[in-house]
Structure formats: C-alpha cells, structure tokens
Amino acid sequence: MAVVDLSDLPREGVLLGLDPGKAALGVAASDRTRRLASPVETIPKPKLAPALARLFALYDERQAVGLVIGLPLNTDGTAGPRVQSVRTLASSILKVRDIPIAFQDERFSSNEAAEALRAAGASRRTREARIDAHAAAIILRDALARLEASS
C-alpha cells in the first residue's frame, strides 16, 4: 500500500490513530464497527526503530487494517514545517511494513485532549503521560466522523 485518501482505507476493521510528536507517538484504536476511538498508549520515541516495533505490535494485536496519522497543519490549513516530519514518519513506517496510511488534519487535537483531561480532573502528571494517546483518539474520532459522513 501507500499513503491513501481516507476514503480508500479498507471499509471494515480496526483502524489505529497516531499522534506523532517529537518525543512520543500517541496511539488510539477504533472498535471493529468504527463507532468508537479510544486512547491506547503513548510510545516513547527516543529511537524510531523500537517505537515502530511497538506500533506494529499494537497493530497486530488489534488486527488493524489501516493507520490514520495526524497531520499538523497550520491554523490557516497550509502545510507547516512539522508536516514534512510527519510525511517522513509515514515513509519510514512504509519502509518497514506495507500498510494503508491516511492523513487526518490534527489542528487543535492536543488542545482538545488537554482540555478534556483537565475537565476530567486529571492531574498534571497524568495529563502529560496521557495527552498524546488522547490526542490520537481525537484524530481518529475525527477521521471516523469523516468516513461516516462520506458513506
């Protein structure tokens, strides 16, 4: 596979969402019916190879059929400097394993995740540990909503 349009992902099965950060990868997963997106894990990324190994382990454990990666667009919708690093990450993933990957606008996902965790009463330490996985769930939720709207 390669990078595909969101609508070209397999129509059924679990999708993983990914919030790529400088120091970690937030991971979320949908259920098989794609009605829910739930935070799964934050994978530390001091080195890419072990982080990708853990990502693929989660992908296999959940029998995922595709990956939705958050694309950090600028607030005006244009591609900023971080977009290239996310595209490079997608390329690195595809060099290890040929899976379908789609991008989803991730503007404000981390802010929304932080606000939701704060509203839930999570401590600062808990918010810092879980924000990437929660942001990944928001990215995946938004992608699932787009898929539902287009069907």
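Only a predicted model underlies this, so the values are computations on that prediction, with no experimental measurement involved. (Residues numbered from 1 in each chain as written. Predicted model: local features only at pLDDT ≥ 70, side-chain atom pairs only at ≥ 80, totals over all residues. Heavy atoms only, no water.)

Turning our attention to the overall build of the chain. Along its length, the chain carries four helices and five strands. Ordering the α and β elements of the chain from the N terminus gives β-β-β-α-β-α-β-α-α. The C-alpha radius of gyration of the chain comes to 14 Å, within 12% of the 15 Å expected for a compact globule of 151 residues. C-alpha atoms of the chain, sized along the principal axes, occupy 40 × 35 × 35 Å. For the chain, the proportion of its 151 residues judged to be buried stands at 43%. Carbon and sulfur atoms form 51% of the exposed surface of the chain, whose accessible area is close to 8,100 Å². (Helix = DSSP H or I, 4+ residues; strand = E, 2+ residues; numbered from the N terminus. Rg over C-alpha atoms; globule rule 2.2 N^0.38 Å. Buried < 20%, exposed > 50% of the residue type's maximum accessible area, 1.4 Å probe, protein only. Areas by Shrake-Rupley, 256 points an atom, 1.4 Å probe, with all protein chains shown as cover.)

This next bit is on helix α1 (residues 48–61). Taking 1.5 Å as the rise per residue, α1 with 14 residues should run 20 Å; its terminal C-alpha atoms sit 20 Å apart, in good agreement. Turning to α1, its buried residues are A51, L52, L55, F56, L58 and Y59. For α1, the arc enclosing every buried residue in end-on projection is 155°, short of the 170-degree limit, so these residues lie on one face. Of the residues in α1, the exposed ones pointing more than 90 degrees away from the buried face are A49, P50 and E61. Lining the buried residues of α1 we find β1 (14–20), β2 (24–30), β3 (37–44), β4 (64–71) and α2 (81–96). Once α1 ends, the next one or two residues include Q63, with phi positive near 50°. (Expected span 1.5 Å × (residues − 1). Arc of directions from axis to C-beta. Contact = heavy atoms within 4.5 Å.)

Ranked by internal contacts, the top residues of the largest apolar core, which has 25 residues, are L16, L18, L55, L67, I69 and I93. For this core, the elements supplying multiple residues, two or more each, are β1, β2, α1, β4, α2 and β5 (101–105). For this core, the element with the highest residue contribution is α1, accounting for six residues. Each residue touching L67, except ones within four places of it in the same chain, is listed here: L16, L18, L55, Y59, I93, I99, P100, I101 and A102. (Core = buried A, V, L, I, M, F, W, Y, C linked by side-chain atoms within 4.5 Å.)

Before going further, it helps to examine unusual backbone geometry. Glycine aside, residues mostly have negative phi, and peptide bonds are mostly found in the trans state. With a phi angle near 60°, R34 is a residue other than glycine that sits in the positive phi range. With respect to the element layout, R34 can be found in the loop between β2 and β3. Positive phi values are uncommon outside glycine, yet Q63 reaches one of about 50°. Here Q63 shows up in the loop between α1 and β4.

Approximately 420 Å³ is the volume found for the largest pocket. Around the largest pocket, the lining is made up of 20 residues, and of these R34, L144, L147, E148 and S151 lie nearest the centre. Ranked by residues supplied to the lining of the largest pocket, first place goes to helix α4 (residues 124–150) with six residues. (1 Å grid on protein atoms, 1.4 Å probe; cavity = no way out; pocket = protein on both sides within 12 Å on 5 of 7 lines; lining within 4 Å. Points joined across faces, edges and corners; volume = space filled by probe spheres on them.)

Along the chain, S30 falls in strand β2. Dropping the residues within four chain positions of it, S30 is found in contact with G13, V14, L15, L36, A37, L140 and L144.

Purely geometric numbers; function is a separate question.
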